[in-house]
Amino acid sequence: MEKNPTLERLSWLREEISRLKKEKNALIMAHYYQRDEIQEIADFIGDSLALARQAAKTDADIIVMCGVHFMGETAKILSPEKKVLIPDTEAGCSLADSCNPEEFEKFVKEHPDHTVISYVNTSAAVKALTDIVVTSGNARQIVEQLPEDEKIIFGPDKNLGEYINSVTGRKMLLWDGACHVHDRFSLEKIAQMKKEHPGAKVLVHPECRRPLQLIADKVGSTAALLDFAAKDDSKEYIVVTESGILFEMKKKCPEKIFLAAPADDAECQCNECNFMKLNTLEKVYSCLRDEKHEITVDPLIAEKAVRPIERMLAMS
Ligand code: 13P
Ligand code: SF4
């Protein structure tokens, strides 16, 4: 049989990564939005919350964070003694970028009597201005633990903030930020898909706009959507979040059909996060081999940023 050089290379990379992992006592962590081949070799796959929890408790010497920059920063802040590597240094996050620390500080200072809650999709500098960090997996639970009359600033994701306001009845002040993937899903296209698949349930990430949240059968973090699909008895689902999650959904529920919702863009039907997809198996291999692309956080910022992250872990 003729050899396929691409498959041979992939198989060689898998073996080398596995060998290097043992040799260096490294842990490969991956978010659900990573490419399939990365999720396949990861030691741990999770949503932002699970990745933060795992980073806080691992005894590995090296963490390779296959996700985006803020995930690497969160891991480094929680485990400063570990080497945290990221396969591609350009893997940022449009949502984190929608919250400039200087402007956020001004906003916080304008509302001195407010508790500051920030989504984990933020830079370490924004976390350092924050009282409690949340993820989409625990935001509701954490907000509900605060007194009903507590004044709250919530940033940077306005869609998640609006969702939390709607389910808790709070009136948190929202920062005007959004994710370029989740904010672009089209209600019309998804309504059309629903007509073509009337039995399909609609799974929506809370970073999507309010009208989409309102037509959802389930609104939740990537882990919550996975959990819902695994326990629910429907056969078909329209998945309104980054399409990388379909890999784990199909793995968990091979008998079910998962349809990726299209985005609202005439030229690009993409429902993929270009930042998440920058990481490849080649880059995982070379960053682990050379121990390059290390995440560093200014110790003064890390000292302030660790408190709201630890508060989150204690409250959820
Ligand atoms: P979760 O991992 O909390 O579901 O968030 C999704 C996301 O956009 C991560 O960047
Ligand atoms: Fe950031 Fe959106 Fe990509 Fe998540 S999907 S990493 S929020 S840009």
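First things first, this report covers the structure right here in the doc. Everything numeric in this text was worked out from a predicted model, so none of it was measured.

Here's the deal with the sheet that holds strand 2 (residues 44-46)
Pairing between sheet strands relies on hydrogen bonds along the backbone, with the strands arranged either parallel or antiparallel.
At step 1: The strand order across the open sheet formed by 4 strands is 2-1-3-4, and the pairing between neighbours is parallel. For this open sheet the edge positions go to strand 2 and strand 4 (83-85), each flanked by a neighbour on one side alone. Neighbouring strand axes in the sheet, compared pairwise and without regard to direction, differ in orientation by 20 degrees on average.
At step 2: Note that strand 3 (residues 62-66) and strand 4 share 3 bridges and pair parallel. Opposite Val64, over in strand 4, you have Leu85 as the bridge partner.
At step 3: Docked against the sheet, helix 14 (residues 281-290) engages strand 1 (26-31), strand 3 and strand 4, running at close to 160 degrees with respect to strand 3.

A word on the environment of Val116
At step 1: In this structure, Val116 sits in strand 5 (residues 115-119).
At step 2: Classification of Val116 by relative accessible area gives buried; the value is 3%.
At step 3: In this structure, the C-alpha to C-alpha distance between Val116 and Leu173, residues 57 residues apart in sequence, is 9.6 Å.
At step 4: Setting aside residues no more than four positions away along its own chain, Val116 makes contact with Phe104, Val108, Leu129, Thr130, Asp131, Ile132 and Ile153.

Quick look at the sheet that holds strand 10 (residues 218-219)
At step 1: An order of 10-9-11-12 is seen for the 4 strands of this open sheet, with the pairing classed as parallel. If you trace the sheet from one side to the other, it starts and ends with strand 10 and strand 12 (257-260), each paired once.
At step 2: Where strand 9 (residues 201-204) lies against strand 10, 2 bridges are found, and the strand directions are parallel. The partner of Val204 across the bridge, within strand 10, is Val219.
At step 3: Its contacts with the sheet put helix 13 (residues 245-252) on strand 9, strand 11 (236-240) and strand 12, and the angle it makes with strand 12 is roughly 170 degrees.

Considering the site of ligand 1
At step 1: Neighbouring ligand 1 are 15 residues, the closest being His31, Ser48, Ser136, His205 and Thr222.
At step 2: Interatomic distance of 2.7 Å between a side-chain N/O atom of Ser136 and an oxygen atom of ligand 1.
At step 3: Its residues placed into classes, the shell around ligand 1 shows 5 nonpolar, 8 polar and 2 charged.

Points about the pattern of salt bridges
At step 1: Counting across every chain of the model gives 20 salt bridges.
At step 2: Notably, a salt bridge pairs Lys21 with Asp43, separated by 2.9 Å at the nearest N-O pair. A residue pair is termed long-range when its members are at least 10 positions apart, and Lys21 in helix 1 (residues 5-24) and Asp43 in the loop between helix 2 (36-41) and strand 2 qualify at 22 residues.
At step 3: Lys21 sits in the buried class, given a relative accessible area of 16%.
At step 4: For Asp232, the salt bridge is made with Lys201, and the minimal N-O distance between the two is 2.8 Å. You can see Asp232 sitting in the loop between helix 12 (222-231) and strand 11 and its partner Lys201 sitting in strand 9, a full 31 residues away along the chain.
At step 5: What makes Asp232 buried here is its relative accessible area of 14%.
At step 6: One continuous salt-bridge network, built from bridges that share partners, spans Glu16, Arg19 and Glu23.

A short note on the site of ligand 2
At step 1: In the vicinity of ligand 2, the residues found are Tyr33, Val68, Cys93, Ser94, Leu95, Asn121, Cys179, His180, His182, Glu207, Cys273 and Met276.
At step 2: Residue composition of the shell around ligand 2, grouped by class: 7 nonpolar, 4 polar and 1 charged.

Rules of the game
- Residues numbered from 1 in each chain as written.
- Chains lettered and ligands numbered in written order.
- Predicted model: local features only at pLDDT ≥ 70, side-chain atom pairs only at ≥ 80, totals over all residues.
- Heavy atoms only, no water.
- Pairing = 2+ DSSP bridges.
- Helix = DSSP H or I, 4+ residues; strand = E, 2+ residues; numbered from the N terminus.
- Axes fitted to C-alpha atoms, helices over the stretch in contact; angles between N-to-C directions.
- Contact = heavy atoms within 4.5 Å.
- Buried < 20%, exposed > 50% of the residue type's maximum accessible area, 1.4 Å probe, protein only.
- Near = heavy atom within 4 Å.
- Polar contact = N/O pair within 3.5 Å; in protein donor to acceptor, adjacent residues only side chain to side chain.
- Nonpolar A, V, L, I, M, F, W, Y, C, P; charged D, E, K, R; others polar.
- Salt bridge = Lys/Arg side-chain N within 4 Å of Asp/Glu carboxyl O.

That is the geometry; function is a separate question.
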